[in-house]
2 protein chains.
Amino acid sequence: MSAPNPTTADPGTVIFYDLKCATPNTCWSPHCWKARLALQYKHVPFRTVWVSYPDIKPLLGHTQPEAKTVTLPVIQHGQTWVFDSWEIVRYLEAHFPTPSLLPNPQSAHFFKLYNDTVLVESVWNLFAPRVANILDERGKVFFVRTREEDLGMKLEDVGRGETVDQIRRPLGVVARNLAQFGPYLAGEEVTYPDLVLLSTLLWFQRANPVDTETILDMFPSSNVSRAPIVREWFDRVKGLGVVQEEPAE
Amino acid sequence: MSAPNPTTADPGTVIFYDLKCATPNTCWSPHCWKARLALQYKHVPFRTVWVSYPDIKPLLGHTQPEAKTVTLPVIQHGQTWVFDSWEIVRYLEAHFPTPSLLPNPQSAHFFKLYNDTVLVESVWNLFAPRVANILDERGKVFFVRTREEDLGMKLEDVGRGETVDQIRRPLGVVARNLAQFGPYLAGEEVTYPDLVLLSTLLWFQRANPVDTETILDMFPSSNVSRAPIVREWFDRVKGLGVVQEEPAE
C-alpha cells in the first residue's frame, strides 16, 4: 500500500480510499459508490487509492479510532480526513457547494436510511454473499472468513429460499413516487437520494446481474411506449455522466 | 343515514365522512385520521358524518364510480367531493393553504407510501385483526366477513407467530432521522408526514394499546433524562392540539 503523503499532495485534490476488487480500477462497494458519485457529480478533483479488505485497518484505522470495524469510504482533503458516506457528502456539500446534492438534508438522510436498511435488507441475503466472487484474492479470503464468522453459516447457504421479489414492496414506494413526482427521486433535480439508489443498483448489477435485470423491470410504466419506471430512472441518472471510468494508474 | 344536503349546507363547512366504531363520535381509522388531523391542523370548519362499513357503498359509491371497494375518508366541500386521504390533503392545501402541510409534496408523498406499505405492513397482521373488537356491531359483522374472505382464514389466526418487534427496522429509520433532524419528521415544522405517522400510532393505540406502548418506547433517547425518541415526538405532536374531541352531535 502506498497512501499519498497528505502533506505533499496537492491540497486541492481529494484522495479517495475505495475498496479493491478483482477488476483493476473498478468501484463495486455501494458505500464507496455513494461517495464516488458525489465527487463525480460535483466535479471535485480526486484520485483513488484502492484498498483490499485486509489492508483497510492498517492503513486507515487511525481515522476511526473508536470503531470496532474500520470501513471505507474514507477521503482525505488537505489535512482533513472524513469517513462514512453520509459524512463525506456533507463535507463535500460544505466545501464544494455547487451543484448542490443536499437541498433538503433531512429528506436525503431519511432516504439514505431507508435505502441502507429497509430496501437493501430485503434482498441482502441474495446479493451480499455474491460479493465474494468479485473481490481480489486477499479481499475474498478476508470477506468470506469474517462474514461467515458473523453469520455462523456458509455464505452459499445464506440466501437459500429467498427471492428477489422481496424487494418489490420497498422498491414499489420509490417507483410509485417517481411515477407521480419524477423524473428524479426528489423531483426536478438530481439530489443525493438518486446517487444512493444508483449506488445500490450498481452494486447489485456487479454482484448479481440477472436478478438486477428483474429488479429494473419490476414496475412497468403506465405509458407502454416507455421503459419500466425504475429502469428509465436508472438509465437517466447513469446518462448524466455520474458513473465515470477510472483512469488507469 | 342522513347525509347533509350539499346544496343547503353552509358552503364554507366541509362535510367529513368518517368510519363509525362502537364508541360514538370517535375516530379510529388511520386513513380517516390522516384527513381529520389535516382538517384540524388547518382549522378548517367541518362536521362529521359517521358511517358504518356496510353503509359506505350505498351512501358514497357515487364518489368512486371506478372503484371495486368504496373507501373512506371522503369530504364534501360545496359541490366538490374528494376521496382518498392523499387527495384530500392536496385539496385542503390548495383551498386552505395556511398553515402549509405540504411544503415539499414529493417527500411527503414518499413518506406516506413508506408509512402505508412498509411500516404498517410490518405489523399489519398483529393490528388489523383487532379492529373488529372496536367496531360498531354492523361494522364488525361486515369487517370480519369481508376480511376473512380476502384472507382465506380466521382473523384470530392471522397474527400467530408474528411480533411487534417486526416494526423495529422500518420505525428505526424514522427514529434515527428524528434524532438527527427533529423535532418533527421534516425538521423544524409540522408537516403532513407527522400527521401520517400520528394517524398510524393512534390507530395502533386504539386497536392494541399494550403493543403500542412497546413501539413508543423502542428507541431510547441518547439523553437519558428525555423520553424515548418516538414517544417524545408522539407527545409533542399530540400536544399541538391536532387531536381534538369531536363535539357530540
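About the thresholds
Sequence order sets the numbering: in each chain, residues are counted from 1 along the sequence as written. Note on labels: chains are lettered from A, ligands numbered from 1, in written order. It should be noted that, the model being predicted, local features are given only for residues of pLDDT at least 70 and side-chain atom pairs only at 80 or more, the latter also being counted only at that level, while totals for whole chains, interfaces and linings use all residues. Hydrogens are left out, water is left out, and the side-chain values use all remaining heavy atoms of the structure. Note that the domain bounds reflect an automated or database-derived domain assignment. Throughout, a residue-residue contact means that at least one pair of heavy atoms, one from each residue, lies within 4.5 Å. The buried area of a pairing is the accessible area, by a 1.4 Å probe, that goes missing from both parts when the two are put together, added over both. Just to be clear on terms, a salt bridge is a Lys or Arg side-chain nitrogen sitting within 4 Å of an Asp or Glu carboxyl oxygen. Under the rule applied, a polar contact is a pair of N or O atoms within 3.5 Å (in protein, one hydrogen donor and one hydrogen acceptor; residues adjacent in sequence only if both atoms are side-chain atoms). The way it works is that DSSP assigns letters per residue, a run of H or I at least four long becomes a helix, a run of E at least two long becomes a strand, and they are numbered from the N terminus. Three classes are used: nonpolar for Ala, Val, Leu, Ile, Met, Phe, Trp, Tyr, Cys and Pro, charged for Asp, Glu, Lys and Arg, and polar for all others, with Gly counted as polar. In this scheme, a residue with accessible area under 20% of its type's maximum is buried, one over 50% is exposed, and one in between is partly exposed, where area comes from a 1.4 Å probe on protein chains only. Least squares is the method used to superpose the copies, on C-alpha atoms of residues holding a pLDDT of at least 70 in both. Any two of the Phe, Tyr and Trp rings considered here, Trp counted by its six-membered ring, make a pair once their centres fall within 6.5 Å; the pair's planes then place it as stacked at under 30 degrees, edge-to-face at over 60, or tilted in between. The rule for a charge over a ring is simple: NZ of Lys or CZ of Arg within 6 Å of the ring centre, and within 35 degrees of the ring normal. Any cysteine sulfur atom paired with another within 2.5 Å is treated as part of a disulfide.

- Per an unreviewed UniProt entry, chain A goes by GST C-terminal domain-containing protein and derives from Dacryopinax primogenitus.

1. Structural notes on the domain arrangement of chain A
Residues and elements named next belong to chain A.
No. 1: Once the domains are mapped, chain A shows domain 1 (14-95) and domain 2 (105-242).
No. 2: The interface is formed by 22 residues belonging to domain 1 together with 25 residues belonging to domain 2.
No. 3: The contact between domain 1 and domain 2 buries some 2,200 Å² in all, and 69% of this surface belongs to carbon and sulfur atoms.
No. 4: Contact with domain 2 buries surface across domain 1, with Lys34, Tyr53 and Trp86 losing the most and accounting together for 30% of the total.
No. 5: Lys34 serves as the salt-bridge partner of Asp116, at 3.2 Å between the closest nitrogen and oxygen.
No. 6: Run the count over domain 1 and domain 2 and you get six residue pairs in polar contact (both at pLDDT 80 or more).
No. 7: Secondary structure elements with two or more residues in the side of domain 1 that touches domain 2: helix H1 (30-41), helix H2 (53-60) and helix H3 (85-95).
No. 8: A breakdown of the residues in the side of domain 1 that touches domain 2 according to their chemical character gives 13 nonpolar, six polar and three charged.

2. Remarks on the pattern of salt bridges
No. 1: Summed over the entire model, instances satisfying the criterion amount to 30 salt bridges over all chains.
No. 2: Close ionic contact of Glu148 of chain A with Lys154 of chain A constitutes a salt bridge, the shortest N to O distance being 3.7 Å.
No. 3: The buried category is assigned to Glu148 of chain A, whose relative accessible area is 18%.
No. 4: Salt-bridge contacts for Arg226 of chain B lead to Glu232 of chain B; the nearest nitrogen and oxygen are separated by 2.7 Å.

3. Some thoughts on the relation of the copies chain A and chain B
One copy of the chain maps onto the other through a rotation about an axis followed by a shift along the same axis.
No. 1: For the pair chain A and chain B, the best superposition has an RMSD of 0.0 Å and corresponds to a rotation of 180° with a translation of 0.0 Å parallel to the axis. The symmetry that links the two subunits is that of a two-fold axis. Of every C-alpha in chain A, the one belonging to Ser107 of chain A sits nearest the axis of rotation, 3.4 Å from it.
No. 2: The share of interface residues of chain A whose copies in chain B are also at the interface is 100%, consistent with both copies meeting through the same surface.

4. Details of the environment of Val89 of chain B
Residue and element names in this part refer to chain B.
No. 1: With respect to the helices and strands, the residue Val89 is situated in helix H3 (residues 85-95).
No. 2: The exposure class assigned to Val89 is buried, which follows from its relative accessible area of 1%.
No. 3: Sequence separation between Val89 and Asp18 is 71 residues, and the spatial gap between their C-alpha atoms is 15 Å.
No. 4: In this view, Val89 contacts Ala38, Leu101, Leu102 and Tyr192; residues no more than four positions away in its chain are not counted.

5. Notes on the packing of aromatic side chains
No. 1: Per the counting criterion, the structure on display carries 26 aromatic pairs over all chains.
No. 2: Their ring planes at 55° and their centres at 5.7 Å tell us that Phe110 of chain A and Phe111 of chain B sit as a pair that is tilted. Placement of Phe110 of chain A in helix H4 (residues 105-127) and of Phe111 of chain B in helix H4 (residues 105-127) is noted, with the two residues assigned to different chains.
No. 3: By relative accessible area, which is 7% here, Phe110 of chain A ends up buried.
No. 4: Between Tyr53 of chain B and Phe142 of chain B the ring centres are 5.9 Å apart and the planes differ by 15°, which places this aromatic pair in the stacked class. You can see Tyr53 of chain B sitting in helix H2 (residues 53-60) and its partner Phe142 of chain B sitting in helix H5 (residues 137-151), a full 89 residues away along the chain.
No. 5: On the basis of relative accessible area, Phe142 of chain B is assigned to the partly exposed category, the value being 25%.
No. 6: Members of the aromatic cluster, connected to one another through ring pairs, are Phe110, Phe111 and Tyr114 of chain A together with Phe110, Phe111 and Tyr114 of chain B.
No. 7: Directly above the ring of Phe219 of chain B sits Arg168 of chain B, whose terminal nitrogen or CZ lies 5.9 Å from the centroid.
No. 8: In this structure, Arg236 of chain B packs its charged tip against the face of Tyr184 of chain B, placed 6.0 Å from the ring centre.

6. Focus on the state of the cysteines
No. 1: If you walk through the whole model with that rule in mind, you get zero disulfides over all chains.
No. 2: Counting only cysteine sulfurs, Cys27 of chain A is the nearest neighbor of Cys32 of chain A, a cysteine outside any disulfide, at a range of 5.7 Å.
No. 3: Look at Cys32 of chain A and you get buried, because its relative accessible area is 0%.
No. 4: Cys27 of chain B supplies the cysteine sulfur nearest to Cys21 of chain B, a cysteine that is in no disulfide, at a spacing of 8.3 Å.
No. 5: The buried category is assigned to Cys21 of chain B, whose relative accessible area is 4%.

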